[in-house]
Amino acid sequence: MEVKRPSDTLVIMNEMVLPNDTNTLHNLMGGRLLHWMDIAAAISAQKLAHAACVTAAVNNVSFNQPIKLGEVVTLQAKCVRSFNTSIEVYIEVWTQNLIKGKGEKVKCNEAYYTFVALSNEGKPIPVAGIEPLSDDEIHQYKTALLRRQLKLVAAGKTSIHDTPELKAQFEKWISGEDKLMEI
Ligand SMILES: CC(C)(COP(=O)(O)OP(=O)(O)OC[C@H]1O[C@@H](n2cnc3c(N)ncnc32)[C@H](O)[C@@H]1OP(=O)(O)O)[C@@H](O)C(=O)NCCC(=O)NCCS
């Protein structure tokens, strides 16, 4: 099976927040940001799969601070791990006010998307593997299994009893052995 590095799937996309993207407070609409995130993440997945990739799931996304009209939004996506036909993509979002903020970039969002590669007939097809290199990439690669299991349990596609790694992680959180952290 072909194996790629996360950096082979890197996508960097810039957008400027225009009036049509904002609410009445001149803040970027959350749905528009999710749309841009979906596009950047899908391109990254397609760099790995070389096939059409559809969004199967996305983890929780919180909107921690408003992004204002005129700001430049930078989205950076790369594949974390593939399983058989599915791919997890990590995406980070920064905002930058080039006029008032003198170019300082502020991180405002991150998310893990799951894509599934499809054939021309719309059937899931196997994708290349990912070989993580840096410590961060290796950590994300390992925890991708837990996020996958969490998404499948939440979607009712499997049970916590059939996901031993997730069950063990929940037990560690409950006992206090592991700090409660986002996975
Ligand atoms: C995503 C989709 C192709 C999966 O179809 P399916 O019949 O569940 O296919 P399978 O059961 O064979 O699963 C295929 C893969 O998707 C993964 N998957 C399915 N649902 C998932 C979910 N909610 N979260 C994470 N992974 C999921 C499976 O684990 C499997 O991965 P693997 O092959 O790496 O083990 C199908 O649900 C679909 O077409 N959804 C609509 C996609 C779409 O249009 N998205 C745009 C938003 S509207």
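All figures in this text were calculated on a predicted structure; none of them were measured in a lab. (Residues numbered from 1 in each chain as written. Predicted model: local features only at pLDDT ≥ 70, side-chain atom pairs only at ≥ 80, totals over all residues. Heavy atoms only, no water.)

### Considering the domain arrangement of the chain
Just so we agree on the cut-off: A domain assignment, automatic or from a database, supplies the domain bounds used here. Any two residues whose heavy atoms approach within 4.5 Å at even a single point are treated as in contact. A simple way to read buried area is as the amount of 1.4 Å-probe accessible surface that goes missing from two parts once joined, with both sides added. Within this document, salt bridges are pairs made up of a side-chain nitrogen of Lys or Arg and a carboxyl oxygen of Asp or Glu, the two lying within 4 Å of each other. Runs of E in the DSSP output that reach at least two residues are strands. Runs of H or I that reach at least four are helices, and both are numbered from the N terminus.
By the assigned domains, the chain splits into domain 1 (3-131) and domain 2 (133-183). On a C-alpha basis, the centroid separation for the pair domain 1 and domain 2 is 22 Å. Between domain 1 and domain 2, the contact holds 18 residues from the first and twelve residues from the second. For the pair domain 1 and domain 2, the summed buried surface comes to about 1,300 Å²; carbon and sulfur atoms form 52% of the total. Among the residues of domain 1 in contact with domain 2, R81, F83 and Y112 are the three that bury the most area, contributing 37% of the side total. Run the count over domain 1 and domain 2 and you get two salt bridges. In this structure, E137 engages K78 in a salt bridge whose closest nitrogen and oxygen atoms are separated by 3.3 Å. For the side of domain 1 that touches domain 2, the secondary structure elements donating two or more residues are β3 (52-58), β4 (72-82), β5 (86-96) and β6 (105-118).

### Details of the site of the ligand
Counted only if it meets this: Being near a molecule or strand, for a residue, comes down to having at least one heavy atom within 4 Å of it. Polar contacts here mean pairs of N or O atoms no more than 3.5 Å apart (in protein, one a potential hydrogen donor and the other a potential acceptor; neighbouring residues in sequence count only if both atoms are side-chain atoms). Per-residue and other accessible areas follow the Shrake-Rupley method at a 1.4 Å probe size, with only the shown protein chains counted as cover for residues. The residue classification treats Ala, Val, Leu, Ile, Met, Phe, Trp, Tyr, Cys and Pro as nonpolar and Asp, Glu, Lys and Arg as charged. All others, Gly included, are polar.
T55, N84, T85, S86 and R148 are the nearest of the 16 residues found near the ligand. Here T55 contributes a backbone N or O atom positioned 2.9 Å from a nitrogen atom of the ligand. About the coverage of the ligand: the protein hides 55% of its 930 Å² of free accessible area. Listed by contribution, the elements that provide at least two residues to the shell around the ligand are β3, β6 and α2 (135-154). Among the elements that line the shell around the ligand, the one with the most residues is β3, at four residues. Grouping the constituent residues of the shell around the ligand by class yields eight nonpolar, five polar and three charged.

### Digging into the nonpolar core
So the rule is basically this: We define the nonpolar core as a collection of buried residues of types Ala, Val, Leu, Ile, Met, Phe, Trp, Tyr and Cys that are connected through side-chain atoms lying within 4.5 Å of one another. Only protein chains enter the calculation, and the probe is 1.4 Å; a residue is then buried if its accessible area is under 20% of its type maximum, exposed if over 50%, and partly exposed in between.
In this structure, L33, V73, L75 and I87 are the most contacted members of the largest nonpolar core, which totals 32 residues. No other element matches the nine residues that helix α1 (residues 30-49) contributes to this core. When sequence neighbours within four positions are dropped, the list of residues in contact with I87 reads A45, L48, A49, C53, C79, R81, S82, Y113, T114, F115 and V127.

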